[in-house]
Amino acid sequence: MNEFGGNWTEAKMEIVVGYAKAYLTIMSKQTWAKTLYFDGFAGSGLIGSSEHTEAIKGTALRILDIDQPKPFDIYYFVEKDEKNKLSLQSKIESDYFGKNAHVIKADCNSKLIDMARYLNNNKNYRALAFIDPYGMTVNWESIEALKGLGIDLWILVPTGLGVNRLLKNDQNIPEPWLKKLEQFLGLSREEILKYFYSTTTINTLFGDQTSVNKEKSIIQKIGNLYTQRLKTIFEFVSESFVMRNSTNSIMYHFMMATNNKNALKIANDVIKPKYRL
Ligand SMILES: C[S@@+](CC[C@H](N)C(=O)[O-])C[C@H]1O[C@@H](n2cnc3c(N)ncnc32)[C@H](O)[C@@H]1O
């Protein structure tokens, strides 16, 4: 069972399900198109909670619950953990018999690339993808593979809980962390450091002294950078739903990327203004 992260867990699921319903309403009028729902971090189907006595349905099951205006033509759930995969699969077999749902034990990165190939070979398919990792698991090259495709991508970006933790205040970032940042953002370390740090030089009695400073409002900057990166692959990126912990620190930015202008509008409507920056 996956852990319940707080009210924002519920809000995030409401956003994805609300968007999926609007998406299916539009797609039901495009009779030529087939719809694919792709969930790259599908979970076990249930989310446990300290506030709820009983586990609640996770996003995968809530998406499978949608029948009106129509269900998706194909569901593709990716889950790396064997136990979670089996749990989700057994729930689908018992409660969603007849739906064209596949549960695959794999790494999301490889399946994003497989999905891109599938969409390239099946031009009548449109995809809605939900990428919900805990950390910096999604490589930039997996996102790059989606360029030019008919896909709407909701992605949870670990701005505060991931990237910010690797950006050390003194810029003295260990090599494996620099590699991770490069892999995650698809930028060189020089570009990353230039974006997040500035140097100031002060004249002192004994000569110039240079100091490195991490930029202010760094987590917002990370969110802005990821939005900019997505805009190199997709035409439009939504506002972010910013998730904060109980001490008001930002943990994640949740955003949607698409090549469809109407989809952008729907996404921004679904991310309720109260959640925005
Ligand atoms: C945040 S939970 C998913 C919750 C689910 N999206 C929901 O809303 O109900 C993340 C899940 O991703 C799985 N996971 C972790 N790394 C993965 C990877 N590289 N590829 C696919 N699944 C992964 C974990 O086992 C975990 O079940």
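The rules behind these values
- Residues numbered from 1 in each chain as written.
- Predicted model: local features only at pLDDT ≥ 70, side-chain atom pairs only at ≥ 80, totals over all residues.
- Heavy atoms only, no water.
- Buried < 20%, exposed > 50% of the residue type's maximum accessible area, 1.4 Å probe, protein only.
- Helix = DSSP H or I, 4+ residues; strand = E, 2+ residues; numbered from the N terminus.
- Pairing = 2+ DSSP bridges.
- Lys, Arg positive; Asp, Glu negative; His and termini not counted.
- Salt bridge = Lys/Arg side-chain N within 4 Å of Asp/Glu carboxyl O.
- Contact = heavy atoms within 4.5 Å.
- Core = buried A, V, L, I, M, F, W, Y, C linked by side-chain atoms within 4.5 Å.
- Right-handed = clockwise from strand over helix to strand, strands pointing away.
- Axes fitted to C-alpha atoms, helices over the stretch in contact; angles between N-to-C directions.
- Left-handed = near helix turned anticlockwise from the far one by under 90°.
- Nonpolar A, V, L, I, M, F, W, Y, C, P; charged D, E, K, R; others polar.
- Expected span 1.5 Å × (residues − 1).
- Arc of directions from axis to C-beta.
- Polar contact = N/O pair within 3.5 Å; in protein donor to acceptor, adjacent residues only side chain to side chain.
- Phe/Tyr/Trp six-rings, centres within 6.5 Å; stacked < 30°, edge-to-face > 60°.
- Lys NZ or Arg CZ within 6 Å of the ring centre and 35° of its normal.

With an unreviewed UniProt entry as reference, the chain is termed Three-Cys-motif partner protein TcmP, source organism Mucilaginibacter ginsenosidivorans.

S.K.: Explanation requested: the pairing of strand E2 (residues 34-39) in the structure shown.
M.R.: Moving residue by residue along a regular strand, the side chains alternate between the two faces of the sheet. Within E2, five of the six residues are buried, leaving the element largely enclosed by the surrounding structure. Inspection of the sheet shows E2 paired to strand E7 (residues 125-131) by six bridges, in the parallel sense. Bridge assignment links Lys34 to a residue of E7, and that residue is Tyr125. When E2 meets strand E5 (residues 74-79), the two strands line up parallel, connected through four bridges. By the bridge assignment, Tyr37 is partnered in E5 with Tyr75.

S.K.: Looking at this structure, how should I read the side chain of Arg229?
M.R.: Along the polypeptide, Arg229 turns up in helix H9 (residues 218-230). Of the side chains bearing the opposite charge, Glu144 lies closest to the buried Arg229, which forms no salt bridge; the N-O distance is 5.2 Å. If sequence neighbours within four positions are ignored, Arg229 has contacts with Trp140, Leu185, Gly186 and Leu187.

S.K.: Please explain the nonpolar core as it appears in this structure.
M.R.: In globular proteins that are soluble, nonpolar side chains generally tend to be buried together. Counting 50 residues, the largest nonpolar core has Met115, Ile143, Leu167, Tyr226 and Leu230 as the members making the most contacts within it. Examining the composition of this core, we find that six residues originate from one element, H9, more than from any other. Apart from residues lying up to four places away in sequence, Ile143 is in contact with Val138, Leu153, Ile155, Tyr226, Leu230, Ile233 and Phe234.

S.K.: Looking at this structure, how should I read unusual backbone geometry?
M.R.: Note on backbone geometry: most residues besides glycine have negative phi, and most peptide bonds are trans. In the segment running from Gln68 into Pro69, the intervening peptide bond is cis, with an omega of 0 degrees. Inspection of the secondary structure assignment puts Pro69 in the loop between helix H2 (59-64) and E5. Its identity as a non-glycine residue notwithstanding, Gln171 has a phi of 70 degrees, on the positive side. Summarising the element assignment, Gln171 is placed in the loop between helix H6 (159-166) and helix H7 (175-185). We note that Asn248 has phi near 70 degrees; this positive angle belongs to a residue other than glycine. Take Asn248: it is sitting in the loop between strand E12 (241-244) and strand E13 (250-258). What makes Asn248 exposed here is its relative accessible area of 52%.

S.K.: Help me out: how do you make sense of the pairing of strand E6 (residues 101-105) in this one?
M.R.: Both E5 and E6 contribute to a ladder of five bridges, which runs parallel. Bridge pairing links Tyr76 to His102 in E6. Crossover connection from E5 via helix H3 (residues 82-95) to parallel E6: handedness right-handed.

S.K.: Which parts of the structure should I look at to understand the pattern of salt bridges?
M.R.: Working definition: two side chains of opposite charge can pair if their charged atoms are close together. For the coordinates displayed, the defined rule picks out 13 salt bridges. Two residues, Asp65 and Lys57, come together in a salt bridge whose shortest N-O distance is 2.7 Å. One salt bridge connects Asp114 with Lys111, and the closest N-O pair in it is separated by 3.0 Å. Remark: Lys111 and Asp114 occur in helix H4 (residues 108-121); sequence separation between them is three residues, near one turn of the helix. In the salt-bridge network here, residues are joined through shared partners; they are Glu175, Lys179, Glu182 and Arg189.

S.K.: For this particular structure, what's the right way to read the packing of helix H1 (residues 7-27) against helix H10 (residues 261-270)?
M.R.: When two helices pack together, their arrangement is given by the angle between the helix axes and by the axis-to-axis distance. In contact at an axis separation of 9 Å, H1 and H10 are set at 145 degrees when each is read in the N-to-C sense. In this structure, H1 meets H10 at a crossing whose hand is right-handed. Together, Ile15, Gly18, Tyr19, Ala22 and Ile26 of H1 and Ala263, Ile266, Ala267 and Val270 of H10 make up the contact between the two elements. Per-class residue counts for the contact of H1 with H10 are eight nonpolar, one polar and no charged.

S.K.: Explain H3 here, please?
M.R.: In an α-helix, one turn spans 3.6 residues, which is why side chains three or four residues apart end up on the same side. Taking 1.5 Å per residue as the helical rise, H3 with its 14 residues ought to reach 20 Å, and the 20 Å between its terminal C-alpha atoms agrees with that figure. Buried within H3 we find Asn84, Lys85, Leu88, Lys91 and Ile92. Viewed end-on, H3 has its buried residues packed into an arc of 135 degrees, placing them on one side of the element. Turned more than 90 degrees off the buried face of H3, the exposed positions are Lys83, Glu93 and Ser94. Near the N-terminus of H3, the side chain that reaches the backbone nitrogen of Lys83, with its oxygen 3.2 Å away, is that of Asp81.

S.K.: Which parts of the structure should I look at to understand the packing of aromatic side chains?
M.R.: The relation between two aromatic rings is expressed through the spacing of the ring centres and the mutual angle of the planes. Across all of its chains, the model carries 15 aromatic pairs by this definition. For the ring pair Trp140 and Tyr226, a centre distance of 5.6 Å and an interplane angle of 85 degrees mean the geometry is edge-to-face. Here Trp140 is found in helix H5 (residues 140-144), whereas its partner Tyr226 is found in helix H9, with 86 residues between them in sequence. For Trp140, a relative accessible area of 2% puts it in the buried group. Seen from their ring centres, Trp154 and Phe254 are 5.1 Å apart, and the 35 degrees between their planes marks the pair as tilted. Note that Trp154 is positioned in strand E8 (residues 151-157) and Phe254 in strand E13, a separation of 100 residues in sequence. Phe254 matches Trp154 in its accessibility class, with the two residues each being buried. Linked through ring pairs, Tyr19, Tyr23, Tyr37, Phe72, Tyr75, Phe77, Phe130, Trp154 and Phe254 together constitute an aromatic cluster. Just above the ring of Tyr195 sits the side chain of Lys221; from NZ or CZ to the centre is 4.4 Å.

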